[in-house]
Amino acid sequence: MAKKIVVDPITRIEGHLRIEAQVEGGKITNAWSSSTAFRGIETILKGRDPRDAHHFTQRFCGVCTTVHSLASIRAVEDALQIQIPDNARLIRNLIMAVQNIQDHVIHFYHLHALDWVDVVSALSADPKKTASLAQSISDWPLSSANYFQGIQQRVKAFVGTGRLGPFANAYWGHSAYKLPAEANLMGVAHYLEALEWQKDIIRIHAILGSKNPHPQTFLVGGMSMPVDPDSQNAINADKIALIGKLLKKARTFVEQVYIPDLLAVASFYKDWAAIGAGVGNYLSYGDFPMDNGGGTDNLYFPRGIIMGKDLANLMPLDEAKISEYVTHSWYSYSDGDDKGKHPYLGETNHNYTGPQPPYEYLDTDNKYSWVKAPRYMDQPMEVGPLARVLVAYASGNTDAKGAVDFVLKQLGIGPAALFSTLGRTAARGIDCLMLAQKSELWLQQLADNMGRGVLEVHNSEKWDPATWPKEAQGFGYHEAPRGGLGHWIRIENGAIKNYQAVVPSTWNAGPRDPRGQLGPYEAALIDTPIADERQPLEILRTIHSFDPCLACAVHLLDGQGSEIIRVRAL
Amino acid sequence: MTVLVLGLGNLLMTDDALGGRMIAELEKSYRFPQEVQLLDGGTLGLDLLPYLEGVDKLLVIDALRMGAQAGELFRLEGEEVPRAFANKLSVHQMGLQDLLAVAELQGHLPEQLVVWGIQAESVEVGMELSPAVSGSVAELMLSVVRELQGWGVVLKQAA
């Protein structure tokens, strides 16, 4: 007899994602991914000055304050054919890299690790054995028995207050937790260290962004923060030296803590290399331009498409082949809900047909989500670090090949293991490592430019709307931490005529399309084993492996589903 | 004594913008001594952790869902705050609640915590506050200023 379970909401911090899954014989046989809060924020951009759009789009996302700024200014630059100066490229690369590095570490330790690491078990670990374990996998200096004992006492005292805080809402003691107590204690220690670490790393955004949170340095045509060795208020030699120090700190933590932890945890969960594959199609817009030609054929993470897990056949990406469907989404299109629409022609007219809360189940045969269903050549696509790393790997990028092969070798698994929940989590680490190792080069190039007297950060040739064509349209791409982000803008008479953003979680969390094809979350849950229907930890593992963040797809809680995690087994 | 005045909320979502708007208003209307920091925290969660470090007194400004009449003012203090946020009275309860819990775990929890807010009417997409909330902003501003003065902060009207 099939049972249906509901997890709502599924994110630990922000957003509003609901999963309904049908379980039969201890496995998921069907799944529906829904976002139950509306957010049609693009509508407020209509009629505004395209140069201002990024100030609004920056606030789309509750967590990543740089990603929508970048996609927006790139969309305008694409529409108006603006080439940015080399320094602007480098500063943007640094800002993007820092966002990715910080976000991946925070995701691993603060959102995802608790699916694998049992905090309560850590309380019974032997600090001496924990020290031996930590020293055997890394040179990281914080690894003495005394240190781990101190951490253990701190967490014990905290749990003793009866407020689990960030550690609440997990399924401690669940049979699917496999780590020995010592590995759990090491994980908890690094959870705390990562919090300290991120504070320093994010200072780079304050330096390059004039302000943090919500950096204010973005500008259509380049950046606003000047590069000037003779000014205290500009990016100068002192600031470059400070950023260099912080980047080194970022890299050291990734190399000596994150990656060893990832490998140590993964080695206990290799069965998850065969679970959670999903649609098997991957899309990466690519990012981190290696020159300032404005093209997309020289990106550090290349652009491309992989279909049907075929790494031997990397295909070029043409954004014109993207369309969004609303057959199962609470919107209506002016010419019928079964046809797809390219984002340039996108419409955001809400049409809620779902049940009135409180309700047991969504009407999954009809419309059941506030997220649209984007498709590429009518196929569902996964975006994110796994897509990024696979496209880079398939393109022959030597850094990606080196990092992927290292991880596979350490774990004793083959490339097919990448198409999985474990692969997704490992790819995030690889993505983070590659950027942590590459970003020092961009800083060096910035220093070299400054040394040669190349100080330009902004191209103002087309700042004046009088220089613009009457009509223009542009596509702004970005590989945000969670995956491919696209902004599409249409400009008419100097004002925004239409604006659409397709965010990473729209690709991954979207519902079925008119052909009944499952979205990536939905497909990834099929065949996932469920040990205990009342504690569907396994669903969280796979969904969290995507780094779900409906903070940008949708943000607000509705009055109904605002419990922290509600699970119903029926 | 170090004070952080933290506005929360999304500037694009009508009344949800209250926290951020109030920070901007305060910055415009008053000159603050060095030990007082004003921060528009947007909708960030854990990313705000660094700003809590070394803070003795934290004043949060946010749009609230208290089941009251739109525009009504609320002041929550100390233990009421995490509990109130656990009962989902604010649209940011997850972020703030997690933030405070982690701060406590790290030993950075400010010794005093006060939330000032207004019952929201609308949290739809839009750039303006609702009339009900807008009508209470002046009173909220005064309440926040008095709270800070009660903490011994010396404020000067901006010229």
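These remarks concern the structure in this document. Each chain has its residues counted from 1, following the order in which its sequence is written. Naming scheme: in the order in which they are written, chains are lettered from A and ligands are numbered from 1. Where totals are concerned, whole chains, interfaces and linings use all residues; where local detail is concerned, this predicted model gives features only for residues with pLDDT of at least 70, and gives and counts side-chain atom pairs only at 80 or more. Side-chain metrics rest on all non-hydrogen atoms present in the structure, leaving aside hydrogens and water.

### Description of the overall build of chain B
The condition that has to hold: Helix and strand definitions follow DSSP, with helices as H or I runs of at least four residues and strands as E runs of at least two, each counted in order from the N terminus. Every radius of gyration here is taken over C-alpha atoms, with the globule rule written as 2.2 Å times N^0.38, N being the number of residues. Only protein chains enter the accessibility calculation, which uses a 1.4 Å probe. A residue is then buried if its area is under 20% of the maximum for its type, exposed if over 50%, and partly exposed in between. We call two residues in contact when some of their heavy atoms are within 4.5 Å. Surface accessibility follows the Shrake-Rupley procedure with a 1.4 Å probe radius. Residue values consider only the protein chains on display as shielding.
From N to C terminus, chain B includes 6 helices and 7 strands. Mapped from its N terminus to its C terminus, chain B presents α and β elements in the order β-α-β-β-α-β-β-α-α-β-α-α-β. Scaling as 2.2 N^0.38, a compact globule of 159 residues should have a C-alpha radius of gyration of about 15 Å, and chain B matches this with 14 Å. Each of the three principal axes of chain B carries a C-alpha extent, and together these read 40 × 40 × 25 Å. For chain B, the proportion of its 159 residues judged to be buried stands at 61%. Considering only intrachain contacts with a sequence separation of at least 6, the fraction spanning at least 24 residues in chain B is 80%. As displayed, chain B offers around 6200 Å² of accessible surface, 47% of which is attributable to carbon and sulfur atoms.

### Some thoughts on the overall build of chain A
The number of helices and strands found in chain A is 16 helices and 15 strands. Here the C-alpha radius of gyration of chain A, 23 Å, is about what a compact globule of 570 residues would show, namely 25 Å. Projecting the C-alpha coordinates of chain A onto the three principal axes gives extents of approximately 65 × 60 × 50 Å. Residues classed as buried in chain A amount to 65% of the 570 residues present.

### Points about the side chain of Lys57(B)
Mapped onto the fold, Lys57(B) is located in strand S4 (residues 57-64). Here Lys57(B) is in contact with Met1(B), Thr2(B), Val3(B), Leu4(B), Pro110(B), Gln112(B) and Trp151(B), once residues within four sequence places are set aside.

### Examining the pattern of salt bridges
All names here are of chain A. The line we're drawing: By definition, a salt bridge exists where a carboxyl oxygen of Asp or Glu is found within 4 Å of a side-chain nitrogen of Lys or Arg.
The final tally for this structure, using the stated rule, is 28 salt bridges over all chains. Note that Lys401 is salt-bridged to Asp405, the shortest N-O span being 3.7 Å. One end of the pair, Lys401, and the other, Asp405, are both in helix H11 (residues 398-411), 4 residues apart, so they sit about a helical turn from each other. Residue classification places Lys401 among the partly exposed residues on the basis of a relative accessible area of 35%. Look at Asp405 and you get partly exposed, because its relative accessible area is 33%.

### Some thoughts on the packing of aromatic side chains
Condition: Note on ring pairs: Phe, Tyr and Trp rings are taken, using the six-membered ring of Trp, and paired if centres are within 6.5 Å. Classes follow the plane angle, with under 30 degrees stacked, over 60 edge-to-face and the rest tilted. Definition used: whenever NZ (Lys) or CZ (Arg) falls within 6 Å of the ring centre and also within 35 degrees of the ring normal, the charge is taken to sit over that ring.
Under the criterion given, the structure shown has 23 aromatic pairs over all chains. Their ring planes at 50° and their centres at 4.8 Å tell us that Tyr521(A) and Phe546(A) sit as a pair that is tilted. On the criterion of sequence distance, the pair formed by Tyr521(A) in helix H14 (residues 520-525) and Phe546(A) in the loop between helix H15 (537-545) and helix H16 (550-553) is long-range, its members being 25 residues apart. Across the pair, Phe546(A) and Tyr521(A) agree in class, each one buried. Aromatic side chains Tyr30(B) and Phe32(B) sit 6.4 Å apart centroid to centroid with 65° between the ring planes, which places their arrangement in the edge-to-face category. Here Tyr30(B) falls in the buried class, since its relative accessible area comes to 12%. Three or more aromatic residues joined by ring pairs make a cluster, and in this case those are Phe108(A), Tyr109(A), Trp140(A), Trp197(A), Phe253(A) and Tyr258(A). In this structure, Arg51(A) is placed above the aromatic ring of Trp463(A), and the distance from its NZ or CZ to the ring centre is 4.8 Å. The ring of Tyr477(A) has Arg74(A) lying over it, and the distance from NZ or CZ to the ring centre is 4.2 Å.

### Regarding the pairing of strand S6 (residues 112-119) of chain B
Regular strands have side chains that alternate between both faces of the sheet. Residue and element names in this part refer to chain B. The condition that has to hold: Each pair of strands is called paired provided DSSP finds at least two bridges between the two strands.
The element S6 is largely enclosed, with a buried count of 8 among its 8 residues. The pairing of S4 with S6 spans 8 bridges and is classified as parallel. If you follow Leu64 over to S6, its bridge partner there is Gln119. The pairing of strand S5 (residues 73-77) with S6 spans 5 bridges and is classified as antiparallel. Along S6, the bridge assignment pairs Phe74 with Gly117.

### Brief notes about the nonpolar core
Threshold: Only buried residues count toward a nonpolar core, which is a set of Ala, Val, Leu, Ile, Met, Phe, Trp, Tyr and Cys residues joined through side-chain atoms within 4.5 Å.
Ranked by size, the top nonpolar core spans 183 residues in total, and within it Ile91(A), Val105(A), Val254(A), Ile539(A) and Leu58(B) carry the most contacts. The greatest single-element share of this core, amounting to 14 residues, is contributed by helix H9 (residues 237-267) of chain A. Residue contacts for Val254(A): discarding those within four places in its chain leaves Ile101(A), Val105(A), Trp197(A), Ile259(A), Pro260(A), Cys432(A), Leu433(A) and Ala436(A). Judged by nonpolar contacts, the second largest core, of 30 residues, contains Leu18(B), Leu59(B), Val123(B) and Leu155(B).

### Digging into the sheet that holds S5(B)
Residue and element names in this part refer to chain B. Test applied: For helices, the fitted line uses only the C-alpha atoms of the stretch in contact; every axis is such a line through C-alpha atoms, and the angle between N-to-C directions lies from 0 to 180 degrees.
Strand order in the open sheet formed by 5 strands is S3-S1-S4-S6-S5, with mixed pairing between adjacent strands. With one partner strand each, in any of the chains shown, strand S3 (36-40) and S5 form the two edges of the open sheet. Each adjacent strand pair in this sheet contributes to an overall mean axis angle of 15°, direction not counted. Along the sheet, helix H6 (residues 137-150) makes contact with strand S1 (3-7), S4, S5 and S6, crossing S6 at roughly 170°.

### Focus: the pairing of strand S3 (residues 27-35) of chain A
Residues and elements named next belong to chain A. Two elements, strand S2 (residues 17-24) and S3, share 8 bridges in a ladder whose sense is antiparallel. For Arg18, the partnering residue across the bridge sits in S3 and is Ser34. Between S2 and S3, which pair antiparallel one after the other, the connecting turn spans 2 residues, and Gly25 there sits at a positive phi close to 60°.

### Considerations on unusual backbone geometry
For Asn493(A), which is not glycine, the phi torsion reads 50° and is therefore positive. Within the chain, Thr14(B) stands out as a residue other than glycine whose phi angle is a positive 40°. As for its placement among the helices and strands, Thr14(B) is situated in the loop between S1 and helix H1 (18-29). Thr14(B) gets classed as buried once you look at its relative accessible area, which sits at 10%.

### Structural notes on the packing of helix H10 (residues 385-394) of chain A against helix H12 (residues 421-451) of chain A
Residues and elements named next belong to chain A. Applied cut-off: Angles below 35 degrees are treated as roughly parallel, those above 145 as roughly antiparallel, those between 65 and 115 as roughly perpendicular, and all remaining angles as oblique. Crossing chirality is assigned from the near helix's rotation relative to the far helix, an anticlockwise turn below a right angle marking it left-handed and a clockwise turn marking it right-handed. Each residue is assigned to one of three groups, with Ala, Val, Leu, Ile, Met, Phe, Trp, Tyr, Cys and Pro labelled nonpolar, Asp, Glu, Lys and Arg labelled charged, and all others, Gly among them, labelled polar.
Two elements in contact, H10 and H12, have axes whose closest approach is 8 Å; the angle formed by their N-to-C orientations is 70°. On the basis of the axis angle, H10 is roughly perpendicular to H12. For the pair H10 and H12, the sense of crossing is left-handed. Contacts from Pro385, Leu386, Arg388 and Val389 in H10 reach Gly423, Arg424, Ala427, Arg428, Ile430 and Asp431 in H12. Along the lines of polarity and charge, the residues of the contact of H10 with H12 split into 5 nonpolar, 1 polar and 4 charged.

### So, the environment of Gly117(B)
With respect to the element layout, Gly117(B) can be found in strand S6. Apart from residues lying up to four places away in sequence, Gly117(B) is in contact with Asp62(B), Leu64(B), Glu72(B), Leu73(B), Phe74(B) and Leu140(B).

### Remarks on the environment of Ile95(A)
Residues and elements named next belong to chain A. By secondary structure assignment, the location of Ile95 is in helix H3 (residues 86-112). Residue Ile95 is classed as buried on the basis of its relative accessible area of 1%. With 241 residues separating them along the chain, Ile95 and Gly336 place their C-alpha atoms 41 Å apart. Excluding its chain neighbours within four sequence positions, the residues that come into contact with Ile95 are Thr66, His205, Leu208, Thr217, Phe218 and Met223.

### As for the sheet that holds strand S12 (residues 471-480) of chain A
All names here are of chain A. In space, the 3 strands of this open sheet follow the order S12-S13-S14, with antiparallel pairing throughout. Of all strands in the sheet, those with a lone pairing partner are S12 and strand S14 (495-502), marking the two edges. Between one strand axis and the next, the sheet turns through 15° on average, direction left out of account. Bridge analysis of S12 against strand S13 (residues 483-492) gives 10 bridges, and the strand direction is antiparallel. The residue of S13 that forms the bridge with Phe475 is Trp488. In the packing of helix H2 (residues 67-80) onto the sheet, the strands contacted are S12, S13 and S14, and the crossing angle to S12 comes to about 145°.

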